[in-house]
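Notes for the structure review
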Amino acid sequence: MSIQEAQVSRADFDQVMVPNYAPAGFVPVRGLGSRLWDQSGRELIDLSGGIAVNSLGHCHPALVEALTTQANKLWHVSNVFTNEPALRLARKLTDATFADRVFFSNSGAEANEAALKLARRVAHDRFGDDKYEIISALNSFHGRTVFTVNVGGQPKYSEGFGPRPAGISHVKFNDLAAIEAMMSERTCAVILEPIQGESGVLPADQAYLEGVRALCTKYNALLIFDEVQSGMGRSGKLFAHQVYGVIPDVLTTAKSLGGGFPISAMLTTEEYAKHLAVGTHGTTFGGNPLACAVGEAVLDIINTPDVLAGVVEKGEYLRQRLRELGAPHDLFELVRGKGLLVGAVMSPAYKDQAAALMAAAEREGLLVLVAGPNVIRLAPSLVIEKADLDEGLARFERAIASFVAQHAPA
Ligand SMILES: *Cc1c(COP(=O)(O)O)cnc(C)c1O
């Protein structure tokens, strides 16, 4: 027998953790599929998917198998060597996309950091020192490093951390005229989320993405699609830009790629990849064998017609049911999204009360997310069982009833 494990509880958080998060009042200890259990044994339906990360639910047997098999073989060798899982996953990602080359890292922010550094480097090598401007969208989210938080278009995340990196501008999302007015020969990159995730599950318009693609080509600027949240099957295609048929020069993905194991990737073409020559960029854990073995298992399952068709079908069902649940109370102004990335926008009568509805859901044993103050976000497992989805919706219906009872406008 091992020595007894120390008892810990949610209260410890407030003593030992940096207070940058405000976690829920319970501590999850076990998950299986789309269900979670907390320390007290309470069961919850999980439609939050670890914030669009647990793409195959909790403890999917194929991922457990991939991880444990690799854990008994090789954990880490550094980038002084390459390794088989990384090479296999890179081959599968390039086979499935426009890209020829892959750089692995550990988080979405790092993949974006690599993409932005690549764009600056390409512009520097090909056009000289004056081409360094990056254009991104207002309300976008690209990560929390100093560079990516400033590229992101939400000042509340970037203020108060000292001088800002230069050469970054923001324009209104889905406004082609605005970005056209901002672009010039000095622009080295445009970075966009094809579906803005954190700021409310807001899909780009078709004509906008097509127009931005043409502008980037015209100005020799790299088009970077941040698919950290929208990628890996969540939209119903492997990547959301494939829904639009608009091809970027650089693609980043993370969250769902590891199904819960930290991994991210930056993908690009041969033409641009060559600018990150030996020594120009790196990260200790990027391409780690454990992470890549899991990523390969995730990709093998998600990138199949059955699973992707299931995402489309369940996404449509989920949006339809949410509209039906909200209708009697005039709760949602609209329900939007693609595939299983779904946003329900609160109606004016319940403006900015998404967090209160999320709390009501938790009291009914259901995990959902918010995306900003006014949007309920759902990002369930891409292989969620219909029965779990229906049980989650039944709990949400009860949550709506209790929320409306407390918050109904006079
Ligand atoms: C979550 C997210 C990121 C940041 O990913 P981390 O793994 O938290 O660094 C970047 N871009 C988008 C679109 C995201 O949703």
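Residues numbered from 1 in each chain as written. Predicted model: local features only at pLDDT ≥ 70, side-chain atom pairs only at ≥ 80, totals over all residues. Heavy atoms only, no water.

Regarding the sheet that holds strand β16 (residues 369-370)
The four strands are arranged β13-β14-β17-β16 in an open sheet whose pairing can be described as antiparallel. Two strands in the sheet have a free side with no partner beyond their single neighbour: β13 (332-338) and β16. (Pairing = 2+ DSSP bridges. Helix = DSSP H or I, 4+ residues; strand = E, 2+ residues; numbered from the N terminus.)

Concerning the site of the ligand
Close to the ligand lie Ser 107, Gly 108, Ala 109, Asn 112, Phe 141, His 142, Gly 143, Glu 193, Asp 226, Val 228, Gln 229 and Lys 255. Interatomic distance of 2.8 Å between a backbone N/O atom of Gly 108 and an oxygen atom of the ligand. Within the contact set of the ligand, a nitrogen atom lies 2.7 Å away from a side-chain nitrogen or oxygen of Asp 226. In isolation the ligand has 380 Å² of accessible area, and contact with the protein removes 81% of it. With three residues, helix α5 (residues 108-127) is the largest single contributor of residues to the shell around the ligand. (Near = heavy atom within 4 Å. Polar contact = N/O pair within 3.5 Å; in protein donor to acceptor, adjacent residues only side chain to side chain. Areas by Shrake-Rupley, 256 points an atom, 1.4 Å probe, with all protein chains shown as cover.)

Points about the domain arrangement of the protein chain
Reports often express the size of an interface as the amount of accessible area lost when the parts come together. We note that the domain assignment places domain 1 (10-59 + 305-407) and domain 2 (74-302) within the protein chain. If you average the C-alpha positions of domain 1 and of domain 2, the two centres end up 27 Å apart. Every contact between the two is made by 26 residues of domain 1 and, on the other side, 26 residues of domain 2. Approximately 2,100 Å² of surface area, both sides summed, lies buried where domain 1 meets domain 2, with 64% of it carried by carbon and sulfur atoms. Together, Leu 308, Lys 338 and Leu 341 form the three largest contributors to the area buried by domain 1 at its contact with domain 2, with a combined 29%. Run the count over domain 1 and domain 2 and you get one salt bridge. The closest approach of N and O atoms between Glu 198 and Arg 377, which form a salt bridge, is 2.9 Å. At the level of secondary structure, the elements contributing two or more residues to the side of domain 1 that touches domain 2 comprise α2 (49-52), α13 (305-326), β13, β14 (341-346) and β17 (375-378). Element by element, the count of residues in the side of domain 1 that touches domain 2 is highest for α13, at four residues. In terms of residue class, the side of domain 1 that touches domain 2 is made up of 16 nonpolar, seven polar and three charged. (Domains from an automatic or database assignment. Contact = heavy atoms within 4.5 Å. Buried area = accessible area lost by both parts, 1.4 Å probe. Salt bridge = Lys/Arg side-chain N within 4 Å of Asp/Glu carboxyl O. Nonpolar A, V, L, I, M, F, W, Y, C, P; charged D, E, K, R; others polar.)

Some points on α5
For α5, built from 20 residues, the straight-helix expectation of 28 Å at 1.5 Å per residue is met to within 8% by its first-to-last C-alpha distance of 28 Å. Every buried residue of α5 is accounted for by Gly 108, Ala 109, Ala 111, Asn 112, Glu 113, Ala 114, Ala 115, Leu 116, Leu 118, Ala 119, Val 122 and Ala 123. At the C-terminal side of α5, Gly 128 shows a positive phi close to 100°. (Expected span 1.5 Å × (residues − 1). Buried < 20%, exposed > 50% of the residue type's maximum accessible area, 1.4 Å probe, protein only.)

Quick word on the sheet that holds strand β10 (residues 222-226)
One open sheet holds the seven strands; their spatial order is β4-β12-β11-β10-β7-β5-β6, and the pairing between them is mixed. Edge positions in the open sheet fall to β4 (101-105) and β6 (168-171), since each of these has one partner strand only. Each strand of the sheet is rotated relative to its neighbour by a mean of 20°, with strand direction disregarded. Examined bridge by bridge, strand β7 (residues 187-192) and β10 share four bridges and lie parallel to one another. Along β10, the bridge assignment pairs Ala 189 with Leu 222. (Axes fitted to C-alpha atoms, helices over the stretch in contact; angles between N-to-C directions.)

A closer look at the pairing of strand β3 (residues 43-46)
Looking along a regular strand, one sees the side chains alternate between the two faces of the sheet. Bridge analysis of strand β2 (residues 35-38) against β3 gives three bridges, and the strand direction is antiparallel. Looking at the pairing, Leu 36 lines up with Leu 44 of β3. Hairpin connection between β2 and β3: a loop of four residues separates the two successive antiparallel strands, and Gly 41 in this loop has a positive phi of roughly 90°. The pairing of β3 with strand β15 (residues 366-367) spans two bridges and is classified as parallel. Looking across to β15, one finds that Ile 45 is bridged to Leu 366.

So, the packing of α13 against helix α15 (residues 386-407)
Direction vectors running N to C along α13 and α15 enclose 20°, while the axes themselves pass 11 Å from each other. Considered as vectors, α13 and α15 are oriented roughly parallel to each other. With respect to the hand of their crossing, α13 and α15 are arranged in right-handed fashion. Facing α13, whose interface residues are Lys 314, Tyr 317, Leu 318, Arg 321, Leu 322 and Leu 325, α15 presents Lys 386, Leu 389, Asp 390, Leu 393, Phe 396, Glu 397 and Ile 400. Here the contact of α13 with α15 is composed, by residue class, of eight nonpolar, no polar and five charged. (Parallel < 35°, antiparallel > 145°, perpendicular 65-115°, else oblique. Left-handed = near helix turned anticlockwise from the far one by under 90°.)

Structural notes on the packing of aromatic side chains
This structure, assessed with the given rule, holds three aromatic pairs. Where Phe 141 meets Tyr 157, the ring centres are 5.7 Å apart and the plane angle is 75°; that geometry is what we call edge-to-face. With a gap of 16 residues between them, Phe 141 in the loop between β5 (133-137) and α6 (146-151) and Tyr 157 in helix α7 (residues 155-158) connect regions that are remote in the sequence. When the centroid spacing of 5.7 Å and the interplanar angle of 75° are considered together, the rings of Phe 173 and Tyr 208 count as edge-to-face. (Phe/Tyr/Trp six-rings, centres within 6.5 Å; stacked < 30°, edge-to-face > 60°.)

So, the side chain of His 142
By the element assignment, His 142 lies in the loop between β5 and α6. In terms of polar contacts, His 142 uses its side chain to reach the side chain of Ser 140, at 3.3 Å. The contacts of His 142, once residues within four sequence positions are left out, are Gly 108, Ala 109, Asn 112, Ser 136, Thr 148, Val 151, Gly 152, Ile 191, Leu 192, Glu 193 and Asp 226.

Regarding the environment of Ile 400
With respect to the helices and strands, the residue Ile 400 is situated in helix α15. Judged by relative accessible area, Ile 400 falls into the buried class, the value being 1%. Residues Ile 400 and Glu 133, 267 residues apart in the sequence, show an inter-C-alpha distance of 46 Å. Ignoring any residue separated from it by four or fewer positions in sequence, one finds Ile 400 in contact with Leu 325, His 329, Leu 331 and Leu 357.

Digging into helix α12 (residues 289-302)
The terminal C-alpha atoms of α12 lie 20 Å apart, and with 14 residues this matches the ideal 20 Å at 1.5 Å per residue to within 8%. Extensive coverage of α12 is indicated by the burial of 13 of its 14 residues. Here α12 starts with a cap whose side-chain oxygen sits 2.8 Å from the backbone nitrogen of Leu 290, and that cap is Asn 288.

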